[in-house]
Each structure stands twice: as C-alpha cells, then as structure tokens.
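Observations on the model geometry
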Amino acid sequence: MTTVLAIETSCDETAVAIVKNRQVCSSVITSQIPIHKQYGGVVPEVASRQHLEIINQAIAKAMDDSLMNWGQIDGVAATCAPGLVGALLVGLTAAKTLAVVHEKPFLGVHHLEGHIYATYLAQPNVDPPFLSLLVSGGHTSLIYVKDCGNYETLGETRDDAAGEAFDKVARLLKLGYPGGPVIDKLAQTGDPQAFVLPEGKISLPGGGYHPYDGSFSGLKTAVLRLVQNLEKNHQELPIADIAASFQETIAKALTKRAIACACDYELKTIAVGGGVAANSGLRKHLQAVAQKHNLQILFPPLKFCTDNAAMIGCAATDHLSRGHTSPLTLGVHSRLPLTKVMELYQH
Ligand code: KG4
Ligand code: ZN
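The sections below set out a description of the structure shown in this document.

Thresholds, definitions, all that
- Within any chain, residue numbers begin from 1 and follow the written order of that chain's sequence.
- Think of it this way: whatever chain is written first is A, whatever ligand is written first is 1, and the rest follow in order.
- Per-residue local features of the predicted model are confined to residues with pLDDT of at least 70, and side-chain atom pairs are confined, for both listing and counting, to 80 or more; whole-chain, interface and lining totals are unaffected and use all residues.
- Side-chain descriptors were evaluated using all non-hydrogen atoms of the structure, hydrogens and water having been removed beforehand.
- Axes here refer to lines fitted to C-alpha atoms; in helices the fit is confined to the stretch in contact. Angles between the N-to-C directions go from 0 to 180 degrees.
- Secondary structure is summarised from DSSP: a helix means a run of H or I of at least four residues, a strand means a run of E of at least two, and numbering begins at the N terminus for each.
- Here is the rule for angles: anything less than 35 degrees is roughly parallel, anything more than 145 is roughly antiparallel, 65 through 115 is roughly perpendicular, and the remaining ranges are oblique.
- Residues are treated as being in contact if the distance between any of their heavy atoms lies within 4.5 Å.
- Amino acids are sorted into nonpolar (Ala, Val, Leu, Ile, Met, Phe, Trp, Tyr, Cys and Pro), charged (Asp, Glu, Lys and Arg) and polar (every other residue, Gly among them).
- In this text, near means that some heavy atom of the residue lies within 4 Å of the molecule or strand in question.
- Whenever two N or O atoms come within 3.5 Å, that pair is a polar contact, provided that in protein one can donate a hydrogen and the other can accept it, and provided that, for residues adjacent in sequence, both atoms are side-chain atoms.
- Only Phe, Tyr and Trp rings are paired, with Trp represented by its six-membered ring, and only when their centres lie within 6.5 Å; those with planes under 30 degrees apart are stacked, over 60 edge-to-face, the remainder tilted.
- Summary of the burial criterion: residues with accessible area below 20% of their type's maximum are buried, those above 50% are exposed, and those between are partly exposed, where the area comes from a 1.4 Å probe applied to protein chains only.
- Two conditions define a charge located above a ring, namely a distance within 6 Å from the ring centre to NZ of Lys or CZ of Arg, and an angle within 35 degrees of the ring normal.
- The definition of a nonpolar core used throughout is a set of buried Ala, Val, Leu, Ile, Met, Phe, Trp, Tyr and Cys residues joined through side-chain atoms within 4.5 Å.
- Two strands are counted as paired when DSSP detects at least two bridges linking them.
- Counted as salt bridges are all cases of a side-chain nitrogen of Lys or Arg within 4 Å of a carboxyl oxygen of Asp or Glu.

**Concerning the packing of helix H5 (residues 162-172) against helix H8 (residues 239-264)**
- Contact geometry of H5 with H8 gives a least axis separation of 11 Å together with a crossing angle of 170°. By the angle between their axes, H5 is roughly antiparallel relative to H8. In contact with Ala162, Ala165, Phe166 and Val169 of H5, H8 contributes Phe246, Gln247, Ile250 and Leu254.
- For the contact of H5 with H8, the class distribution of residues is 7 nonpolar, 1 polar and no charged.

As structure tokens, this is what we get:
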C-alpha cells in the first residue's frame with residue numbers, strides 16, 4: 001500500500017487529500033467560486049492569493065481528518081500542469097516544502113491524469129485499457145488510457161471546451177458563474193427539442209466529418225444569435241428551453257463521438273471525468289446510447305467530477321508505487337499535453 005498527501009491548486013479550488021492507493025482517507029476542498037463570481041469568471045491573481053491564504057489550514061485539516069501522522073505518509077504530490085501558473089505554484093511549492101521537511105519523495109501530477117484517476121476512487125477494480133471522455137472547463141478530449149502514464153489522444157475540441165461553452169452560454173443568459181450547474185438545473189424544466197442548435201462538426205479536407213473531433217464555439221454563437229433574435233422581437237427569453245436545448249446538443253455531440261471512438265477502438269468501457277461529467281443530461285444520454293452498444297459507462301461521484309485533490313493523490317500513489325518520483329527542480333506548466341506525463345518523472 002502507498003499513501004500520499006496531495007495538493008490541487010490549478011484553478012479555483014484549494015484542495016488537499018490523503019489517499020491510500022485508490023482509497024480516500026481525507027479530502028478537503030475549498031472552492032473560491034463565491035470570490036470569483038462577482039467578476040464573472042476566475043481572476044488568476046486573486047486565485048493565487050486565495051490559495052496562499054488557506055493552503056496551510058487545508059493541509060492541517062486533511063492530516064487531522066485522516067487520523068494519520070507523517071510516519072504513515074509515503075510521498076507528497078501536487079498538480080504541476082496544466083493550469084494557472086501562479087495558482088499551480090502555490091500548491092507545488094507547498095508540496096515540495098513538505099517533502100523536504102518530512103524527507104519524503106515528491107511528485108508533480110498532470111491535472112488531466114488526475115481527472116482520469118477519479119474513476120478509480122469509486123471503482124477501484126477498474127483497470128486500463130478504457131476510453132476516457134475528459135470534459136472540464138479547460139479541456140474536452142477522448143483519451144485511450146493504456147496504462148499509468150501511457151495515453152493517446154484520439155479526439156478533442158478544436159476550440160472551446162465543453163465546460164467553457166456552459167460558462168459562456170450562462171454568461172450571455174446572465175445566469176452567473178460557473179455556468180454548468182445552473183444550466184443543468186434550468187434544463188430540467190425546459191424542452192430540449194425547443195430549438196435546433198449546431199453540434200459542431202469538423203469537416204475533413206477529403207469530404208465527410210471528423211469522427212471524434214468537435215467544436216463548441218459555433219454552438220455558443222448560435223445561442224447568442226437566438227437570444228439576439230428573440231430580444232429583437234421583444235419576446236421574453238424562454239431561458240429553460242434554451243438551457244435544455246443547449247445541454248441536449250452538447251450531450252448528443254459528446255455521446256456520438258465517444259461511442260464511435262469506443263466502438264472503433266474496441267474499448268468496452270468509457271470513463272467520464274472533469275466538471276461536465278456532473279451534468280445530468282450527459283449522464284442520461286450517454287448511459288442510454290451506451291446500453292444499446294453494450295458499453296460500460298463509469299462516472300465518478302459528483303464531488304470527484306470537479307477539481308479535487310483525491311484524484312491527484314490517486315494518480316500519485318500509482319506513479320510512486322512504480323518508482324516514479326519528480327525532481328525538486330520541477331516547475332509548473334500552464335499547458336502540457338497528457339502524452340508528455342512521463343517527462344514529469346525520473347524513473
Ligand atoms: O474539472 P473542473 O472542476 O475544472 C477544470 O479542470 O476545468 O470543471 C469545471 C467546469 C466548469 O466549466 C463548470 O461550468 C463545469 O465544469 N460544470 C458543469 C457542471 N458542473 C460543473 N457543466 C455542466 N453541468 C454540470 N452539472
Ligand atoms: Zn479539472
């Protein structure tokens with residue numbers, strides 16, 4: 001058994017967890033959403049300062065909640081990429097300091113590998129290969145998960161991420177930040193067939209469409225045009241119908257590509273991760289279509305869909321148990337492809 005204390009500060013959640021292999025011993029998540037809400041989105045400098053202010057309390061609480069002492073911890077990990085540079089630096093520096101003080105190995109973890117590992121927190125008996133549908137605020141990808149640290153990106157968005165589309169559409173409907181949860185709630189009372197919106201196909205030079213890549217920026221623009229037209233005609237905005245139609249379009253687009261990808265690559269399981277994995281429309285639609293194709297769909301528990309440190313700890317325990325550790329000179333990266341994960345380790 002390998003036990004790791006992990007820190008996640010890549011965006012607007014300050015999170016610390018202690019994880020023993022795939023078992024969560026403690027998980028502290030403090031969201032900065034109430035602070036960023038007034039600006040309509042995350043302000044990077046404010047995020048860094050807020051992480052700095054509460055990181056020590058979060059570490060102390062995670063230790064207390066786990067009822068463990070430092071003698072029982074085998075390593076210290078932090079998200080080092082991708083994310084907001086100033087925010088990442090707070091968590092990474094705290095983790096390095098703890099590793100030096102307590103003489104433990106240190107590991108930098110790729111945030112998206114963490115989202116993939118969130119699957120194991122509720123499904124400890126699942127193992128690769130499987131297809132990961134990663135849908136967060138910053139990323140939307142279809143990833144062939146072959147092994148710890150071994151990933152191939154098979155499909156992705158060419159522009160906006162799914163979560164970003166939810167946030168942008170919520171902003172233009174004046175629903176506040178973050179957009180996903182509020183659109184999800186409104187969509188429950190709306191008619192998903194009320195408006196026909198574009199699913200964002202990518203044309204191929206030789207004709208036809210890319211089977212796994214997509215685009216969400218056209219969808220966002222289509223919602224904007226729809227709202228402008230309704231307003232021009234002095235019609236009251238049918239917000240719930242717009243939310244439901246928009247959500248249905250995203251759920252169908254993601255489902256179609258994920259199912260095609262899993263079938264083509266003969267992968268029997270699709271594990272969904274990232275904040276948009278919490279979406280009820282996507283959950284329902286993907287499950288229903290997958291059943292027809294005899295595919296297994298795994299969603300993490302809601303609290304491990306959005307950013308948390310337990311998923312980072314879970315990835316770190318796997319790397320550490322394989323002898324992977326990071327040098328203390330490791331820096332942070334605002335962008336880093338998942339295919340470069342193994343560059344974070346000396347092994
Ligand atoms: O994974 P995450 O916490 O952060 C990133 O790594 O980006 O994802 C945050 C994103 C936000 O865009 C938020 O609007 C979206 O996840 N989100 C949702 C839902 N809950 C959060 N989107 C759709 N439906 C939800 N229920
Ligand atoms: Zn995330």
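Having seen the model, we can carry on.
**Considering the site of ligand 1**
- Around ligand 1, the surrounding shell holds 20 residues, and the nearest of these are Gly137, Asp167, Gly180, Asp184 and Asn279.
- Take Gly163: an N or O atom from its main chain is 3.1 Å from an oxygen atom of ligand 1.
- Contacts to ligand 1 include Asp184, whose side-chain N or O atom sits 2.9 Å from a nitrogen atom.
- Mapped by element, the contributors of at least two residues to the shell around ligand 1 are helix H4 (111-122), H5 and helix H6 (179-187).
- Broken down by element, the shell around ligand 1 gets its largest block of residues, 4 residues, from H6.
- Per-class residue counts for the shell around ligand 1 are 5 nonpolar, 12 polar and 3 charged.

**A look at the packing of aromatic side chains**
- Inspection of every chain in the model, using the stated rule, returns 5 aromatic pairs.
- With a centroid separation of 4.9 Å and an interplanar angle of 85°, the aromatic rings of Tyr117 and Tyr120 are classed as edge-to-face. Here Tyr120 and Tyr117 lie together in helix H4, a separation of 3 residues that amounts to about one turn. With respect to burial, Tyr117 and Tyr120 carry one shared label: buried.
- Taking the centre distance of 6.1 Å and the plane angle of 80° together, the rings of Tyr120 and Phe130 count as edge-to-face. Highlighted residues: Tyr120 in helix H4 and Phe130 in strand E6 (residues 130-135), separated in sequence by 10 residues. In this pair, the class of Tyr120 matches that of Phe130, namely buried.
- Three or more aromatic residues joined by ring pairs make a cluster, and in this case those are Tyr117, Tyr120 and Phe130.
- The ring of Tyr120 carries Arg22 above its face, with NZ or CZ at 3.8 Å from the centroid.

**A closer look at the nonpolar core**
- Core analysis: the biggest nonpolar cluster contains 64 residues, and Leu5, Ile7, Val16, Ile59, Ile116 and Tyr151 have the highest contact counts within it.
- Among all residues touching Tyr151, those that are not within four sequence positions of it are Glu113, Ile116, Tyr117, Ile143, Tyr144, Val145, Leu338, Thr339 and Val341.

**Looking at the sheet that holds strand E1 (residues 3-8)**
- Reading across the sheet, the 5 strands line up as E3-E2-E1-E4-E5 and stay open at both edges, with mixed pairing between neighbours. Both edges of this open sheet fall to strand E3 (23-31) and strand E5 (106-110), since each of them pairs with a single strand only. Taken over all neighbouring pairs, the strand axes of this sheet differ in orientation by 20° on average, direction set aside.
- Where helix H2 (residues 44-66) meets the sheet, its contacts fall on E1, strand E2 (13-20) and E3, and the angle it forms with E2 comes to roughly 25°.
- The sheet strands contacting helix H3 (residues 85-101) are E1, strand E4 (75-81) and E5, and the helix crosses E4 at an angle near 160°.

**What about the packing of H4 against helix H10 (residues 310-321)?**
- Relative orientation of the contacting elements H4 and H10 amounts to 90°, with a least axis distance of 7 Å. Of the possible angle classes, the one that applies to H4 and H10 is roughly perpendicular. The segment H4 lies against H10, with His111, Glu113, Gly114, His115, Tyr117, Ala118, Tyr120 and Leu121 engaging Ala310, Met311, Ile312, Cys314, Ala315, Asp318 and His319.
- The residue inventory of the contact of H4 with H10, partitioned by class, reads 9 nonpolar, 4 polar and 2 charged.

**Some words on the pattern of salt bridges**
- For the structure shown, the criterion picks out 13 salt bridges.
- Here Asp147 and Arg322 are joined by a salt bridge, their closest N and O atoms 3.4 Å apart. Here the residue Asp147 occupies a position in strand E7 (residues 140-147), and Arg322 occupies one in the segment after H10, the gap between them amounting to 175 residues.
- Connected via shared salt-bridge partners are Asp160, Glu164, Lys168 and Lys220.

Interpretation note: all reported values are geometric properties and have no functional meaning in isolation.
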